[in-house]
Amino acid sequence: MKAVLIPGDGIGREIAQSVKAVSKALDTGIEWLEYEAGAEYAAAHGELLQPGLLDEIERCGWALKGPTATPIGKGFRSINVQLRQRFSTYANLRPVSSLPGVPTRFDNVDLVIVRENTEDLYKGIEYMLDDNTANGIKLITRSASLRICRFAFDYARRHGRKKVTAVHKANIMKLTDGLFLSCFREVAAEYPEIEANDVIIDALCMKLVQRPEQFDVLVAPNLYGDIISDLCAGLVGGLGFAPSANIGDKVRIYEAVHGSAPDIAGKNMANPSAILMAFAMMLRDLDHGDAADRLTNAIHSLVQEGTTVTADIGGTATTTEFTDALIARL
Ligand code: ATP
Ligand code: MG
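Residues numbered from 1 in each chain as written. Chains lettered and ligands numbered in written order. Predicted model: local features only at pLDDT ≥ 70, side-chain atom pairs only at ≥ 80, totals over all residues. Heavy atoms only, no water.

Draft legend 1. Inspection of helix H4 (residues 79-87) at higher detail. Ile79, Gln82, Leu83 and Phe87 are the residues of H4 that are buried. One face of H4 carries all of its buried residues, which in axial projection span an arc of 100°. In this structure, the buried residues of H4 make contact with helix H3 (53-60), strand S3 (62-65) and strand S12 (252-256). Positive backbone phi, at 45°, marks Ser88, one or two positions downstream of H4. (Buried < 20%, exposed > 50% of the residue type's maximum accessible area, 1.4 Å probe, protein only. Helix = DSSP H or I, 4+ residues; strand = E, 2+ residues; numbered from the N terminus. Arc of directions from axis to C-beta. Contact = heavy atoms within 4.5 Å.)

Draft legend 2. Layout of the sheet that holds strand S8 (residues 163-168). On the basis of which strands lie adjacent, the open sheet formed by 10 strands has the order S2-S1-S3-S12-S11-S4-S5-S10-S8-S9 and mixed pairing. The open sheet is flanked by strand S2 (31-34) and strand S9 (195-200), the only strands paired with a single partner. When strand polarity is set aside, the average angle formed by the axes of neighbouring strands in this sheet is 25°. Against the sheet, H3 touches strand S1 (2-6), S2 and S3, its axis set at about 145° to S1. (Pairing = 2+ DSSP bridges. Axes fitted to C-alpha atoms, helices over the stretch in contact; angles between N-to-C directions.)

Draft legend 3. Looking closely at the pairing of S1. With four of five residues buried, S1 is to be regarded as a mostly interior element. By the bridge criterion, four bridges tie S1 to S2 in an arrangement that is parallel. Looking at S2, one finds that Ala3 is bridged to Trp32. Handedness of the crossover is the feature at issue here: the chain leaves S1, passes through helix H1 (residues 12-25), returns alongside S2, and the resulting connection is right-handed. (Right-handed = clockwise from strand over helix to strand, strands pointing away.)

Draft legend 4. Broad picture of the site of ligand 1. In the region of ligand 1, the neighbouring residues are Ile11, Leu239, His258, Gly259, Ser260, Ala261, Pro262, Asp263, Ile264, Ala270, Asn271 and Asp312. With respect to ligand 1, the side chain of His258 contributes an N or O atom lying 3.3 Å from a nitrogen atom. Here ligand 1 loses 62% of its free accessible area of 610 Å² to cover by the protein chains. Of the residues in the shell around ligand 1, the class split is six nonpolar, four polar and two charged. (Near = heavy atom within 4 Å. Polar contact = N/O pair within 3.5 Å; in protein donor to acceptor, adjacent residues only side chain to side chain. Areas by Shrake-Rupley, 256 points an atom, 1.4 Å probe, with all protein chains shown as cover. Nonpolar A, V, L, I, M, F, W, Y, C, P; charged D, E, K, R; others polar.)

Draft legend 5. Fine view of the state of the cysteines. Applying the stated rule across the entire model yields zero disulfides. The thiol sulfur of Cys149 is not disulfide-bonded, and the nearest other cysteine sulfur, from Cys183, lies at 6.7 Å. Assessed through its relative accessible area of 0%, Cys149 is described here as buried. Free cysteine Cys232: the closest other cysteine sulfur is in Cys205, separated by 8.7 Å. Residue classification places Cys232 among the buried residues on the basis of a relative accessible area of 0%. (Disulfide = S-S within 2.5 Å.)

Draft legend 6. Representation of the side chain of Asn222 in the model. As for its placement among the helices and strands, Asn222 is situated in helix H8 (residues 222-235). A distance of 2.9 Å separates polar atoms of two side chains, one belonging to Asn222 and the other to Arg115. Setting aside chain neighbours within four positions, we find Asn222 in contact with Arg115, Glu116, Asn117, Thr118, Glu119, Asp120 and Tyr122.

Draft legend 7. Summary view of the packing of aromatic side chains. Applying the stated rule across the entire model yields five aromatic pairs. For the ring pair Phe153 and Tyr191, a centre distance of 5.1 Å and an interplane angle of 25° mean the geometry is stacked. On the criterion of sequence distance, the pair formed by Phe153 in helix H5 (residues 142-158) and Tyr191 in the loop between helix H6 (176-188) and S9 is long-range, its members being 38 residues apart. (Phe/Tyr/Trp six-rings, centres within 6.5 Å; stacked < 30°, edge-to-face > 60°.)

Draft legend 8. Expanded view of H1. Compared with the 20 Å implied by 1.5 Å per residue over 14 residues, the 20 Å span of H1 between its first and last C-alpha is a close match. Among all positions of H1, only Gly12, Glu14, Ile15, Ala16, Ser18, Val19, Val22 and Ser23 are buried. The elements touched by buried residues of H1 are S1, S2, S3, helix H9 (273-285), helix H10 (289-305) and helix H11 (319-329). Looking at the residues trailing H1, positive phi occurs at Asp27, about 55°. (Expected span 1.5 Å × (residues − 1).)

Draft legend 9. Layout of unusual backbone geometry. Of note in the backbone geometry, Asp27 takes a positive phi value of approximately 55° without being a glycine. Looking at where Asp27 falls in the secondary structure, it is placed in the loop between H1 and S2. According to the relative accessible area criterion, Asp27 is exposed, its value standing at 66%.

Draft legend 10. Up close: a nonpolar patch on the surface. Taken together, the side chains of Ile125, Tyr127 and Leu129 define a hydrophobic patch exposed on the protein surface, amounting to about 270 Å² of accessible area. Inspection of the secondary structure assignment puts Tyr127 in strand S6 (residues 126-130). (Patch = residues over 30% accessible without salt bridge, like charges linked within 9 Å, V, L, I, M, F, W, Y side chains within 5 Å. Salt bridge = Lys/Arg side-chain N within 4 Å of Asp/Glu carboxyl O.)

Draft legend 11. Quick look at the pairing of S12. For S12, the buried fraction is high: four of the five residues fall into the buried class. In the sheet, S3 pairs with S12 via four bridges, with the strands oriented parallel. In the sheet register, Ala63 faces S12, and the bridge partner there is Ile253. Relative to S12, strand S11 (residues 243-247) is paired through five bridges, and the arrangement is antiparallel. Its bridge partner being in S12, Ala245 is matched across the sheet by Tyr254. Here S11 folds back onto S12, and the loop between the two strands holds four residues.

Rendered as structure tokens:
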């Protein structure tokens with residue numbers, strides 16, 4: 001099968017190289033259609049996306065994406081926003097789990113964040129009421145709330161997860177978050193085997209940094225989902241190991257959560273684990289569960305052993321050395 005690969009900016013090219021090598025070693029049969037996008041492409045060609053990229057994603061339905069930066073102040077719209085709008089990738093899925101060998105405060109985190117990706121305050125409906133008053137609108141719809149909650153419960157069912165927790169502030173935002181919460185409860189009733197509860201966003205933040213192990217699947221509107229995603233990435237050792245998937249009805253785009261890391265770009269220092277973990281998510285969704293397990297286990301064992309790891313987790317290995325050592329473990 002064919003899938004689009006977008007290396008992107010900064011360390012993107014180096015970590016995309018790892019993906020290609022690992023994909024080959026796993027014998028996945030995936031043919032990568034490589035397209036350029038991002039600030040570096042824009043500097044050379046005056047546009048953010050290589051022509052044909054969007055149509056290719058539309059045709060394939062599957063894409064793996066490196067970090068892309070948006071040139072500041074030149075009127076470009078962020079690539080992630082463009083992709084999200086064009087393909088209605090309404091669910092942003094971020095699994096967060098502790099890895100033995102990665103320095104962190106907790107060793108027992110294993111949760112999944114399901115973030116609504118299309119509305120809420122991020123819809124971008126903002127205007128000036130007068131020179132001194134800005135107004136932003138929090139848009140919550142029944143259809144998008146039902147859809148994301150259904151996605152979360154379906155995910156829980158398919159992946160043997162036991163509990164789904166809705167994140168909200170419905171005690172204050174009675175209409176918007178209230179609607180989200182009532183949609184959550186409606187959907188929860190269709191999944192009697194899965195425990196359902198809800199938590200107020202501020203209380204959740206405290207609970208996450210005290211006892212993160214009590215959470216399983218979290219489903220949240222866009223803004224809260226964004227914030228707790230980074231909080232949770234921090235719980236398990238930061239950006240080096242944080243993958244995500246953007247999921248729509250016809251298109252799935254997988255990516256590392258981290259950015260283009262310009263400070264280490266081109267130095268063969270980047271940790272390719274996050275994009276490889278995103279690749280593992282993609283393999284699982286493609287029903288290559290076996291290859292996904294082999295890849296995940298190899299990352300875990302390599303990191304736990306700790307002799308051939310990259311500088312971000314205290315090692316001295318280059319991206320290439322890490323990738324080669326990983327392939328040797330597949
Ligand atoms: P961008 O504007 O593209 O988000 P950034 O400067 O915010 O770029 P990030 O990629 O978000 O950079 O990373 C923040 C810090 O984490 C940087 O110091 C970067 O070097 C480090 N970092 C991010 N990703 C990785 C990685 N895969 N391997 C090693 N270090 C990383
Ligand atoms: Mg950044």
